[in-house]
Amino acid sequence: MNNIFNFDKNSIKIASEFLISGDVIAFATETVYGLGADARSDKAVSKIFKLKNRPDFNPLIVHVNSLNEVFNYVYKTPLAIKLAEKYWPGPLTLILERKKACKISLLVSAGLNSIAIRIPNHKPFLNLLNSSKIPIAAPSANKSGKLSPTCANDVRDDFGDNIKMILDDGFTKGGLESTVIDARNDNPILLRPGLISSEEIEKNLKVKFLMDNNIIIESPGQLLRHYSPNSKLIINSTLPQDNDAFLTFKNIKPDKKFSGIQLNLSKKGNLEEVASNLFKMLRKVDKKNPNKIVVAPIPDKGVGRAINNRLQRASNQNGY
Ligand code: TXA
Ligand code: MG
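Worth saying up front: this structure is predicted, and the values here are computed from it rather than measured.

*Asks:* Is there a simple way to think about the pattern of salt bridges in this case?
*Replies:* It is possible for side chains bearing opposite charge to pair when their charged atoms get close. Enumeration according to the criterion identifies 13 salt bridges in this entry. A salt bridge links Asp23 to Lys47; the shortest N-O distance between them is 3.9 Å. Taken together, the residues span a long stretch of sequence, with Asp23 in the loop between helix H1 (9-20) and strand S2 (25-27) and Lys47 in helix H2 (residues 42-52) at a distance of 24 residues. When its relative accessible area of 14% is taken as the criterion, Asp23 is described as buried. Its salt-bridge partner being Asp182, residue Arg184 comes within 2.8 Å of it at the nearest N-O pair. The exposure class assigned to Arg184 is partly exposed, which follows from its relative accessible area of 33%. The exposure class of Asp182 is buried, given its relative accessible area of 8%. Connected through salt bridges with shared partners, the residues Asp23, Lys47 and Lys164 form a single ionic network.

Here it is as structure tokens:
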């Protein structure tokens with residue numbers, strides 16, 4: 001069966017009908033591919049958890065296409081408005097308090113009284129939200145714990161024919177997930193680093209993140225081992241052995257003679273380029289079943305923090 005379709009007007013019409021009838025579909029966004037369903041329907045949302053094999057205590061992000069709609073579901077805060085004005089539509093997810101009469105399924109927020117919500121910056125996805133008139137709950141379209149998908153074939157590799165449609169818009173622009181921020185109080189709290197760095201937000205909006213010695217307060221359900229390839233992953237190393245794959249950065253060379261597969265995350269040393277290549281290249285070398293995947297050190301600043309967060313989780317051997 002071919003379930004990969006161009007993300008165009010025609011397929012958006014069919015996809016809207018699937019969403020309206022409570023089905024799950026996958027689609028491109030500006031960050032990673034998402035696996036979405038009607039956020040108001042317990043039945044539709046529970047299908048996402050089941051397909052991904054996701055623990056039910058790990059809440060999902062709701063995607064909508066206007067600020068008005070956001071504030072139908074969650075309470076406004078001055079900080080949320082400030083962040084929304086600067087970064088929406090875009091790769092920023094806000095955690096806000098659920099309104100009393102809110103129609104979003106409680107399964108989406110794993111029973112919490114907050115909701116994670118964002119307006120994506122991706123034309124076809126916004127068209128899908130417009131056409132279906134449905135708030136779409138969507139985690140990344142990968143099996144729980146595995147590498148996030150940055151193209152339609154990645155989604156197909158994980159789910160095969162178990163989803164009716166994968167709306168294809170090539171490789172995603174960002175390559176990494178949105179930044180998740182708790183915006184319920186005066187100071188933002190970083191729950192998951194992402195494409196927009198906390199440094200950038202502090203500089204642009206003159207706000208200060210609440211952080212205890214830079215310890216990131218975790219989102220519920222974030223697992224220690226996550227985003228993992230099948231092969232063993234070693235990070236911050238320049239010592240690959242011959243049957244390994246080596247992901248390097250800028251002009252970093254292996255310490256010893258190395259004849260295995262080698263890819264450069266960014267020859268220019270550009271961290272946005274590393275973000276867009278990270279999951280793509282990890283998936284690519286993982287398919288070749290190397291002994292190990294070795295990744296060179298990546299600077300821990302700006303979007304580099306999100307990159308290192310994913311790499312650390314991906315390399316964690318301690319399971320959950
Ligand atoms: O870029 C993205 O954010 C992608 C695209 C599809 O939008 N989605 C994504 O979803 O990465 P997912 O499910 O892989 O990650 C959602 C993150 C998790 O870390 C989860 O714990 C957190 O958001 N989250 C969701 N609801 C929350 C809530 N009510 N409170 C705190 N954290 C929450
Ligand atoms: Mg995910």
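*Asks:* What should I look at first to understand helix H9 (residues 304-315) in this one?
*Replies:* Each full turn of the α-helix corresponds to 3.6 residues, which orients residues three or four apart in the same direction. A rise of 1.5 Å per residue sets the reference length of H9, with its 12 residues, at 16 Å; its end C-alpha atoms lie 16 Å apart and thus fit the reference within 8%. The buried fraction of H9 is high, at 10 of 12 residues. For H9, the set of buried residues is Gly304, Ala306, Ile307, Asn308, Asn309, Arg310, Leu311, Arg313, Ala314 and Ser315. Check the buried side of H9 and you find it contacts strand S10 (189-192), strand S11 (232-234), helix H8 (271-286) and strand S14 (292-295).

*Asks:* Any chance you could explain empty space enclosed by the protein here in plain terms?
*Replies:* In this approach the atoms are scanned with a rolling probe the size of a water molecule, which exposes any empty space left behind. In the structure shown here, the tally under the stated rule is 1 cavity of 30 Å³ or more. Approximately 50 Å³ is the volume found for the largest cavity. Residue lining of the largest cavity: Thr179, Leu190, Pro193, Gly194, Ile196, Ser197, Ser198, Glu199, Gly302, Arg305 and Ala306, and that is the complete set. Breaking the lining of the largest cavity down by element, the ones donating at least two residues are helix H7 (198-205) and H9. Here the residues of the lining of the largest cavity are counted per class, giving 4 nonpolar, 5 polar and 2 charged.

*Asks:* Help me understand the pairing of strand S6 (residues 114-118) in this model?
*Replies:* Successive residues of a regular strand alternate their side chains across the two faces of the sheet. Of all the 5 residues making up S6, 5 are buried; the element is thus mostly covered by neighbouring parts of the structure. The pairing of strand S4 (residues 61-63) with S6 spans 3 bridges and is parallel. In the strand pairing of S6, His63 is matched with Arg118. Pairing analysis gives 4 bridges linking strand S5 (residues 92-97) to S6, with the strands arranged antiparallel. Within S6, the position partnered with Ile95 by the bridge is Ala116.

*Asks:* Looking at this model, I keep getting lost on the sheet that holds S14. Mind explaining?
*Replies:* Adjacent strands of a sheet pair through backbone hydrogen bonds, lying either parallel or antiparallel. One open sheet holds the 4 strands; their spatial order is S11-S14-S12-S13, and the pairing between them is parallel. This sheet does not close on itself; its edge strands, each paired only once, are S11 and strand S13 (261-264). Geometrically, the sheet is characterised by an average inter-axis angle of 20 degrees between neighbouring strands, direction not taken into account. Where strand S12 (residues 245-248) lies against S14, 3 bridges are found, and the strand directions are parallel. Paired with Phe246 across the bridge in S14 is Val294. Running over the sheet, H8 touches S11, S12, S13 and S14 and is turned about 170 degrees from S13.

*Asks:* Looking at this structure, how should I read the packing of aromatic side chains?
*Replies:* By convention here, two paired aromatic rings are described through the distance between centres and the angle between planes. Under the definition given, this model contains 3 aromatic pairs. For Lys280, the ring lying beneath its charged end belongs to Phe171, and the centroid distance is 4.3 Å.

*Asks:* Even after reading the chapter, I still don't get the packing of H8 against H9, so can you show me in this structure?
*Replies:* Two measures define how a pair of helices packs: the angle their axes make with one another and the distance between the axes. For the pair H8 and H9, interaxial distance at closest approach is 9 Å and the crossing angle is 20 degrees. The angle between H8 and H9 places the two elements in the roughly parallel class. Handedness of the crossing formed by H8 with H9: left-handed. Across the interface between the two elements, Leu271, Val274, Ala275, Leu278, Phe279 and Leu282 from H8 touch Gly304, Ile307, Arg310 and Leu311 from H9. Its residues assigned to classes, the contact of H8 with H9 comprises 8 nonpolar, 1 polar and 1 charged.

*Asks:* Sorry if this is basic, but what is going on with the domain arrangement of the protein chain here?
*Replies:* How big an interface is tends to be stated in terms of the accessible area lost upon association of its parts. If you check the domain split of the protein chain, you get domain 1 (4-205) and domain 2 (232-315). Look at where the C-alpha atoms of domain 1 and domain 2 centre, and you get two points 28 Å apart. Facing 21 residues of domain 1, the contacting portion of domain 2 comprises 16 residues. Each partner contributes to the roughly 1,500 Å² buried at the junction of domain 1 and domain 2, and carbon and sulfur atoms together form 58% of this total. Counting the surface domain 1 buries against domain 2, the share from its top three residues, Leu147, Leu176 and Pro193, is 38%.

Basis of the calculations
Residues numbered from 1 in each chain as written. Chains lettered and ligands numbered in written order. Predicted model: local features only at pLDDT ≥ 70, side-chain atom pairs only at ≥ 80, totals over all residues. Heavy atoms only, no water. Salt bridge = Lys/Arg side-chain N within 4 Å of Asp/Glu carboxyl O. Helix = DSSP H or I, 4+ residues; strand = E, 2+ residues; numbered from the N terminus. Buried < 20%, exposed > 50% of the residue type's maximum accessible area, 1.4 Å probe, protein only. Expected span 1.5 Å × (residues − 1). Contact = heavy atoms within 4.5 Å. 1 Å grid on protein atoms, 1.4 Å probe; cavity = no way out; pocket = protein on both sides within 12 Å on 5 of 7 lines; lining within 4 Å. Points joined across faces, edges and corners; volume = space filled by probe spheres on them. Nonpolar A, V, L, I, M, F, W, Y, C, P; charged D, E, K, R; others polar. Pairing = 2+ DSSP bridges. Axes fitted to C-alpha atoms, helices over the stretch in contact; angles between N-to-C directions. Phe/Tyr/Trp six-rings, centres within 6.5 Å; stacked < 30°, edge-to-face > 60°. Lys NZ or Arg CZ within 6 Å of the ring centre and 35° of its normal. Parallel < 35°, antiparallel > 145°, perpendicular 65-115°, else oblique. Left-handed = near helix turned anticlockwise from the far one by under 90°. Domains from an automatic or database assignment. Buried area = accessible area lost by both parts, 1.4 Å probe.

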